[in-house]
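Spelled out from the first residue to the last, the chains are:
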Amino acid sequence: MPSRRKLIVVSNRAPVAFSRDAGGERVASRGGGGLVTGLRSLVSHHDVTWIASAMSDEDRVVAEEAGGEAIEETAGDGSPYRLHLVLHDPSAYDRYYNVVANPVLWFIQHYLWGLSSSPDVDQGLHNAWSEGYVAVNRSFAEAILAELEREPDAAVFFHDYHLYVAPRMVRERAPNTTLAHFVHVPWAMSEYWRVLPEPIRRAVHEGILANDVVSFHTPRWRRNFLRSCEDVLDAEVDHDAGDVRYGGQLTAVRAHAISVDPEEFDTLAESPEVRAEESALVEDRPEFLVLRVDRTDPSKNVVRGFRAYELYLEAHPEMHGRVQMLALLDPSRQDIPEYAEYLGAIQRAARVVNDRFQQEGWLPLAFEIQDDFIQAVAAYKQFDVLLVNAIFDGMNLIAKEAPLVNTRDGVLILSENAGAHEELGEWALTVNPFDVAGQAEAIHEAITMAPGERRERLHAIKRHVREHDIGSWIEAQLQDLDEARERTGSTLSA
């Protein structure tokens with residue numbers, strides 16, 4: 001790693017979640033989500049203040065006790081960092097998260113709307129934007145500015161679609177601060193942004209362009225963003241250099257693919273907990289195991305994946321009793337109607353498969369709806385086929401995690417619209433996420449693939465992930481920050 005830096009990391013979700021145990025004592029558990037995992041090594045190597053929302057009841061108690069200040073926390077490896085939990089008005093946060101960020105921005109950026117019927121941009125959305133999304137971003141900006149008073153030389157590192165307008169709020173009051181923003185989701189083509197009213201879509205783009213550096217996982221999303229800046233804002237864009245000039249600000253737009261920590265997965269895969277889960281799985285597994293591990297998010301395309309498996313079983317009765325699909329699904333955002341409805345569609349699609357093909361002693365599609373990472377890692381080790389058929393995905397770390405620890409020369413089936421495809425596509429079986437017939441054929445091709453080819457493909461993915469790990473991702477972004485500092489003549493190192 002390069003020299004230590006003073007960094008303010010800003011994300012909606014914190015790296016730690018507070019709760020009370022059965023005895024009433026406060027406990028701190030590791031926060032969920034791939035972002036928290038990906039940024040954990042920043043805490044180990046740099047002087048980090050992490051700003052995030054107070055989400056649980058106990059989070060809010062901790063924030064109130066701190067009186068708007070940061071508290072000292074310790075990461076899992078013993079590294080110290082400062083945690084600043086931001087208290088939001090509950091009504092504003094609900095509008096921010098459950099009306100704008102997920103049902104609107106997430107849906108835009110994953111192309112999830114059928115535009116003939118949704119969305120309806122009514123006054124409720126306008127109110128949720130101003131009184132929810134903008135208000136919560138303003139709370140984040142105030143917390144950032146307070147921390148910058150303490151550490152004026154720190155760089156601010158925003159993350160994801162929850163914080164699009166906060167950078168401009170910070171820039172207006174701290175114009176010389178180095179700001180960077182990593183967008184972890186796809187960036188939709190500019191035409192799709194025109195679903196939003198002009199003031200909102202302009203505010204999104206203007207907010208992001210207040211940063212010195214904006215990064216995406218892939219060149220594809222980077223290209224879309226550059227074109228969107230031209231079309232929405234009429235900004236000056238240098239496509240070759242990847243730079244945007246707008247409102248007197250120069251923004252460098254970069255692409256760096258997030259990855260995983262191979263050592264962490266090596267250790268986890270051999271842990272007693274994972275070995276116990278794996279033993280139970282091996283005892284019950286059929287000859288061939290088709291695995292999918294996903295959140296119950298419409299963008300993950302679970303229903304079409306089940307339909308493809310149904311078509312595969314229909315076309316290959318000789319495989320009945322010899323193959324099973326195991327779907328490990330983490331329930332996602334069930335407070336949002338579209339997500340709750342999609343979970344119901346998943347359950348109905350699974351029932352159709354089992355009603356058609358189930359025989360005594362054979363369940364063709366087994367699925368769990370719970371958040372159980374240990375179970376998922378055990379299944380990673382045992383899959384023969386891994387199905388990742390996302391409609392669109394910024395990256396999809398499962399496509400990297402699972403092959404890394406797999407022991408059966410498993411074959412990856414990968415959507416051409418997942419960000420991971422730009423890295424892993426040559427060693428995966430590529431599918432169109434809307435082509436269920438093509439996905440059924442890919443399942444058959446994967447199961448019948450020659451052992452030598454299976455081994456070569458899997459080992460190539462393993463090598464790539466080990467060579468391009470999470471440390472490389474972080475180092476590339478810190479280099480971008482250094483270059484941004486050089487343009488302004490200041491220094492980032494402590």
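No experiment lies behind these values; they were computed from the predicted model shown. (Residues numbered from 1 in each chain as written. Predicted model: local features only at pLDDT ≥ 70, side-chain atom pairs only at ≥ 80, totals over all residues. Heavy atoms only, no water.)

Engineer: Even after reading the chapter, I still don't get the overall build of the chain, so can you show me in this structure?
Structural biologist: For the chain, the count of helices and strands is 18 helices and 18 strands. Computed over the C-alpha atoms, the radius of gyration of the chain is 23 Å, within 12% of the 23 Å expected from 2.2 N^0.38 for a compact globule of 494 residues. The principal-axis extent of the C-alpha atoms belonging to the chain is close to 70 × 50 × 45 Å. Counting every position in the chain, which comprises 494 residues, the buried fraction comes to 58%. Across the chain, every contact between residues at least 6 apart in sequence was considered, and the portion connecting residues at least 24 apart equals 76%. Looking at the chain as shown, the accessible area adds up to about 19,900 Å², and 46% of this sits on carbon and sulfur atoms. Of the charged side chains in the chain, 48 are positive and 80 negative; the average position of the first set lies 2 Å away from that of the second. (Helix = DSSP H or I, 4+ residues; strand = E, 2+ residues; numbered from the N terminus. Rg over C-alpha atoms; globule rule 2.2 N^0.38 Å. Buried < 20%, exposed > 50% of the residue type's maximum accessible area, 1.4 Å probe, protein only. Contact = heavy atoms within 4.5 Å. Areas by Shrake-Rupley, 256 points an atom, 1.4 Å probe, with all protein chains shown as cover. Lys, Arg positive; Asp, Glu negative; His and termini not counted. Charge placed at Lys NZ, Arg CZ, Asp CG, Glu CD.)

Engineer: In this structure, what is going on with the sheet that holds strand β14 (residues 323-330)? I would like to understand it.
Structural biologist: The strands making up a sheet associate through hydrogen bonds between their backbones, and the pairing can be parallel or antiparallel. Spatially, the six strands line up as an open sheet ordered β15-β14-β13-β16-β17-β18, and their pairing is parallel. The open sheet terminates on both sides in strands that have one partner only, identified here as β15 (365-369) and β18 (429-431). Put simply, the sheet's adjacent strands are angled 20° from each other on average, direction ignored. Both strand β17 (residues 411-415) and β18 contribute to a ladder of three bridges, which runs parallel. (Pairing = 2+ DSSP bridges. Axes fitted to C-alpha atoms, helices over the stretch in contact; angles between N-to-C directions.)

Engineer: Sorry if this is basic, but what is going on with the pattern of salt bridges here?
Structural biologist: Think of it this way: side chains of opposite charge can pair up when their charged atoms draw near. As enumerated under the stated definition, the model contains 33 salt bridges in all. Here Glu151 and Lys6 are joined by a salt bridge, their closest N and O atoms 3.4 Å apart. Highlighted residues: Glu151 in the loop between α4 (123-150) and β7 (155-159) and Lys6 in strand β1 (residues 6-10), separated in sequence by 145 residues. With relative accessibility at 25%, the residue Lys6 sits in the partly exposed group. The closest approach of N and O atoms between Arg322 and Glu287, which form a salt bridge, is 2.8 Å. With Arg322 in the loop between α11 (302-315) and β14 and Glu287 in the loop between α10 (272-284) and β13 (288-295), the pair connects residues that are 35 residues apart, well separated along the chain. Glu287 sits in the partly exposed class, given a relative accessible area of 41%. It is possible to trace a salt-bridge network through shared partners that takes in Arg20, Arg26, Glu58 and Glu65. (Salt bridge = Lys/Arg side-chain N within 4 Å of Asp/Glu carboxyl O.)

Engineer: How do you make sense of the nonpolar core when you look at a structure like this?
Structural biologist: Across soluble globular proteins, nonpolar side chains show a tendency to be buried alongside one another. By size, the foremost hydrophobic cluster in this structure holds 70 residues, and its most contacted members are Val10, Leu105, Phe158, Tyr164, Val170, Trp187 and Phe225. Residues Tyr81, Ala366, Tyr380 and Ile398 belong to the second largest nonpolar core, which totals 67 residues. (Core = buried A, V, L, I, M, F, W, Y, C linked by side-chain atoms within 4.5 Å.)

Engineer: Can you walk me through the sheet that holds strand β4 (residues 47-53) in this structure?
Structural biologist: Reading across the sheet, the ten strands line up as β5-β6-β4-β1-β7-β8-β9-β12-β11-β10 and stay open at both edges, with mixed pairing between neighbours. Either end of the sheet is taken by a strand with one partner, and the two such strands are β5 (71-74) and β10 (236-238). Averaged over all neighbouring strand pairs, the angle between strand axes comes to 25°, with direction disregarded. Where β5 and strand β6 (residues 80-86) come together, four bridges link them in antiparallel fashion. Counted as the bridge partner of Thr74 is Pro80 from β6.

Engineer: Hey, could you run me through the environment of Glu147 in this one?
Structural biologist: Position of Glu147 among the secondary structure elements: in helix α4. C-alpha of Glu147 to C-alpha of Met55: the two residues are 92 residues apart in sequence and 20 Å apart in space. Apart from the residues lying within four places of it in its own chain, the contact partners of Glu147 are Ile8, Thr49, Ile51, Ala70, Arg82 and His84.

Engineer: Would you mind showing me how to read α11 here?
Structural biologist: Think of an α-helix as turning once every 3.6 residues; residues three or four places apart then point the same way. With 14 residues, α11 extends 20 Å between its outermost C-alpha atoms, agreeing within 8% with the 20 Å of an ideal straight helix rising 1.5 Å per residue. Elements that come into contact with the buried residues of α11 comprise β13, β14, α12 (337-357), β15, β16 (385-388) and α16 (436-448). (Expected span 1.5 Å × (residues − 1).)

Engineer: How do you make sense of unusual backbone geometry when you look at a structure like this?
Structural biologist: Comment: phi is negative for the bulk of residues other than glycine, and the bulk of peptide bonds are trans. Residue Pro119 is bonded to the preceding Ser118 through a cis peptide linkage, with omega at 5°. Relative to the helices and strands, Pro119 resides in the loop between α3 (90-109) and α4. Look at Asp160: it is not a glycine, yet its phi comes out positive at around 80°. Looking at where Asp160 falls in the secondary structure, it is placed in the loop between β7 and α5 (166-173). Given a relative accessible area of 10%, Asp160 falls into the buried group. Positive phi outside glycine occurs at Asn396, with the angle close to 90°. Position of Asn396 among the secondary structure elements: in the loop between β16 and α14 (398-405).

Engineer: Please explain the pairing of strand β9 (residues 213-216) as it appears in this structure.
Structural biologist: A regular strand carries its side chains on alternate faces of the sheet. Where burial is concerned, the two faces of β9 agree: the one with Val213 and Ser215 and the one with Val214 and Phe216 are both buried. Pairing geometry for strand β8 (residues 179-182) and β9, over three bridges, is parallel. By the bridge assignment, His181 is partnered in β9 with Val214. As paired strands, β9 and strand β12 (residues 249-255) are joined by four bridges and run parallel to one another. Paired with Phe216 across the strands is Ala255, a residue of β12.

Engineer: Teacher, can you tell me more about the packing of aromatic side chains here?
Structural biologist: Two aromatic rings, taken as a pair, are described by how far apart their centres are and by the angle between their planes. For the structure shown, the criterion picks out 18 aromatic pairs. An angle of 80° between the planes, with centres 6.0 Å apart, marks the rings of Phe265 and Phe373 as edge-to-face. Linking Phe265 in helix α9 (residues 262-269) with Phe373 in helix α13 (residues 373-382), this pair joins segments that are 108 residues apart in sequence. Members of the aromatic cluster, each reached through a chain of ring pairs, are Tyr93, Tyr96, Tyr97, Trp129 and Tyr133. (Phe/Tyr/Trp six-rings, centres within 6.5 Å; stacked < 30°, edge-to-face > 60°.)

Engineer: What should I look at first to understand the environment of Tyr312 in this one?
Structural biologist: For Tyr312, the position within the fold is in helix α11. C-alpha of Tyr312 to C-alpha of Glu441: the two residues are 129 residues apart in sequence and 7.0 Å apart in space. Non-local contacts of Tyr312, meaning those with residues more than four positions away in its chain, are made with Met319, Val323, Ala440, Ile443, His444 and Ile447.

Engineer: So what exactly am I meant to see when it comes to the packing of α14 against helix α17 (residues 451-467) here?
Structural biologist: Pairs of packed helices are described in terms of their axes, by the angle between the two and the distance that separates them. Running from N to C, α14 and α17 point in directions that differ by 115°, and their axes come no closer than 9 Å. What the angle tells us is that α14 and α17 run roughly perpendicular. Crossing of α14 over α17 shows left-handed handedness. Between α14 and α17, the residues in contact are Ala399, Lys400, Pro403, Leu404 and Val405 and Leu458, Ile461, Lys462, Val465 and Arg466, respectively. By residue class, the composition of the contact of α14 with α17 is seven nonpolar, no polar and three charged. (Parallel < 35°, antiparallel > 145°, perpendicular 65-115°, else oblique. Left-handed = near helix turned anticlockwise from the far one by under 90°. Nonpolar A, V, L, I, M, F, W, Y, C, P; charged D, E, K, R; others polar.)

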